[in-house]
Amino acid sequence: MTVASTRRTAPRKTVQTMIYHAIMLMISCVFLLPFYWMTISAFKNNAEIFARPVMWFPDPIRWSNFVELFSRDDFPFLIQFGNSVFYAGSVALAVCFSCSLAAYSFGCLRWRWRDRVFGLTVCALLLPAIVTFLPVYLGWSRLGLNGTYWPLITPFLFGDAFFIFMLRQFYMGIPRELLDAARLDGASEFRIWWQIALPQVWTALVIVGLFAVVYTWNEFFNPLIYLQDREDFPLSVGLFTFQADRAREWSISMTGALLTALPMVVLFLLTQRLFRQGLASSSLK
Amino acid sequence: MGLSAQHNKAGAVLPPRRLARAGRGEARAGFLFALPWMVGLTIFTIVPLLLTFYIAQTKFQIVGPPKYVGFANYEAMWTDPAVWTSAGNTMFFAAVSVPIKLVMALGLALLLNRIAALSGFYRTVFYLPFLMPAVAGSIVFMLLLTPDAGPVNIALEALGFNPPDWLLDPKAALWTIILLSLWPLGVETLVFLGGLQNIPKDVSEAADLDSPRGWHKLLWITIPMISPMILFNLVIGIIYSFQIFTQALVVGGTTGKPAEATLMYVVVLYRTAFRYFNVGYAAAMATVLFVGVLLLTLLIFRTARSWVHYEGESR
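Since this is a predicted model, take the numbers as computed values, not measurements.

A short note on the overall build of chain A
Now for step 1: If you tally the helices and strands in chain A, you get 15 helices and zero strands.
Now for step 2: Over its C-alpha trace chain A gives a radius of gyration of 25 Å, far above what one expects of a compact globule, namely 19 Å for 285 residues.
Now for step 3: The dimensions of chain A, computed from C-alpha atoms along their principal axes, are 75 × 75 × 30 Å.
Now for step 4: Residues counted as buried form 38% of the 285 residues belonging to chain A.
Now for step 5: The long-range share in chain A, meaning contacts at least 24 apart out of those at least 6 apart in sequence, stands at 73%.

With respect to unusual backbone geometry
Now for step 1: A cis amide bond, omega 0 degrees, links Asp 59 of chain A with the succeeding residue Pro 60 of chain A.
Now for step 2: Relative to the helices and strands, Pro 60 of chain A is located in the loop between α3 (46-49) and α4 (64-71).
Now for step 3: Cis geometry marks the peptide bond from Lys 257 of chain B to Pro 258 of chain B; its omega dihedral reads -10 degrees.
Now for step 4: Following the sequence through the fold, Pro 258 of chain B ends up in the loop between α13 (246-252) and α14 (265-274).

Observations regarding the interface of chain B and chain A
Now for step 1: Between chain B and chain A, the residue contacts involve 72 residues of the former and 71 residues of the latter.
Now for step 2: The dominant element in the side of chain B that touches chain A, judged by the number of residues it contributes, is helix α2 (residues 16-55) of chain B, at 22 residues.
Now for step 3: Counted by class, the side of chain B that touches chain A contains 56 nonpolar, 12 polar and four charged residues.

Thoughts on the domain arrangement of chain B
Now for step 1: Segmentation of chain B into domains returns domain 1 (2-55) and domain 2 (72-314).
Now for step 2: For domain 1 of chain B and domain 2 of chain B, the distance between their C-alpha centres works out to 36 Å.

What to know about helix α7 (residues 129-142) of chain A
Residue and element names in this part refer to chain A.
Now for step 1: The end-to-end C-alpha distance of α7, which contains 14 residues, comes to 20 Å, matching closely the 20 Å that a straight helix rising 1.5 Å per residue would cover.
Now for step 2: Among the residues of α7, those classed as buried are Ile 130, Val 131, Thr 132, Phe 133, Leu 134, Pro 135, Val 136, Tyr 137 and Leu 138.
Now for step 3: Downstream of α7 by one or two residues, Gly 144 has phi in the positive range, about 75 degrees.

A look at the domain arrangement of chain A
Now for step 1: What the domain assignment lists for chain A is domain 1 (3-68) and domain 2 (72-247).
Now for step 2: Measuring from the centre of the C-alpha atoms in domain 1 of chain A to the corresponding centre in domain 2 of chain A gives 36 Å.

So, the confidence of the model for chain B
Residue and element names in this part refer to chain B.
Now for step 1: Looking at chain B, the pLDDT average stands at 85 and 91% of residues meet or exceed 70.
Now for step 2: For chain B, per-element mean pLDDT is lowest for helix α1 (residues 2-11), which scores 43, and highest for α14, which scores 94.
Now for step 3: For this predicted complex, the interface confidence reaches an ipTM of 0.86, while the overall pTM sits at 0.87.

Comments concerning helix α12 (residues 202-218) of chain A
Now for step 1: Here α12 of chain A contains 17 residues, and its C-alpha end-to-end distance of 24 Å stays within 8% of the 24 Å for a straight helix at 1.5 Å per residue.
Now for step 2: Looking only at α12 of chain A, the buried set comprises Ala 204, Leu 205, Val 208, Gly 209, Ala 212, Val 213, Val 214, Thr 216, Trp 217 and Asn 218 of chain A.

About the cut-offs
Residues numbered from 1 in each chain as written. Chains lettered and ligands numbered in written order. Predicted model: local features only at pLDDT ≥ 70, side-chain atom pairs only at ≥ 80, totals over all residues. Helix = DSSP H or I, 4+ residues; strand = E, 2+ residues; numbered from the N terminus. Rg over C-alpha atoms; globule rule 2.2 N^0.38 Å. Buried ≥ 20, exposed ≤ 12 C-beta atoms within 10 Å, placed from the backbone. Contact = placed C-beta atoms within 7 Å. Nonpolar A, V, L, I, M, F, W, Y, C, P; charged D, E, K, R; others polar. Domains from an automatic or database assignment. Expected span 1.5 Å × (residues − 1). pLDDT = per-residue confidence, 0-100.

Here's what the structure looks like:
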């Protein structure tokens, strides 16, 4: 792999590279097959999905599945799509706000109980969510807020162990001299955070927000338990209940699955570029 | 450690009295900035954890007050076949899927670590399944693996294999869930890849010179160098696989179709609490899960001392 060996064994290297790409492409095909099958099934009817020989391309392309999906009463897709956008957006905003406070405290400030509280935070990260779930559920039902999005969003206004942990890593990269210099100039601690620390980690905040969106979009357990009405469900639960009730209508299930997954895939493909830009601009400084 | 010593020195540019004042202000700010999170941690984690331990010792059906019954719920669990079946399935799932997933992710990371054209494309491909909602992914697998008419079985038959009935066969169903859980391994792969790219060039090249055999290097250089990432992926993988819920519920419903083969522990917990409204019993199940995961995590960390190498140690 060194420069010298590259020169010596150039022809062998070419063969190696070809084998390498052959292997990687094969693995890629296996990984992409579910995506591909989901996509083409969204454009077929049931008979064509199970046709023999296998139809590797939909013929004819049935856009009618999408029309049917948008007009069904037992799968109010557009309403549930809106719910998912609301749910994921709220959680992302809440997380960006609350975690940027706590992570700054753990990453940049020195105070007495800091390491113990952070230790507890790491423990909370490893704690299975189901262990604390029942009392929290009972508390929300005592408040009469089951069936709303309050139980799903409120906890994130206080913070989330995983995202605090993640953001802290970025805050720790801020040189202490920078903050001390501001202290010397008499800036208040709040201003130091707002005007000096926060601008240093804004890329990380975007990344945290994106992770939160993906995580919430795919979240299943909490909305399944807290929400009861079809019109309130986010897409993950809506898709589940539709599939559980109408197990035979594969083409509509696949259309729904495709349109549930697609926003996250598009978001990821778009922001991959942003990630790289963010990394590039921070390394230029 | 080296960094914080530097910071201390830099802090000394302030005169002592102003430094003390700034330190006090900083301490107060540190507490205040962390306060919302500490409140949240108390309300949503610490207090509920303690309440779970308490509810586990009561008979509690949501309506009406909880009645203290001591360890009756745990005793009932001991003789409950659903608990044993689901615990067995879950442990089997964790014990099989986590090691396979880690090996596959490490293999992919090693392949991705070669500097080559298209590496960005491959990375994207392996990361994509992680973005797929678990519900959607499970449904697609159910369709792909439909016996007789699904494309996977048609392809396997064409190749001369005798394909299993996957999710319809009680013997194969749990393996199918394992297969399903292996698909989103992008995060593990990226964690390993990050570790591989942090291996210093000189170490890697010295190993190439010392031993021409690739697997020597893998065993004695690469794996020890990324052992912290292996530990991380192992602990997270074990903790999460013990909580497997979504895939199991989509595939097997609350009864673990077929024949309880896909019945998982958290699914039983879920149906106990939210179908049968037996919250006390569910809390006892949650407590047992907590203790089990805790012991297992401690065990892994204990053994980790002998096989995880952090970079600072050897110097």
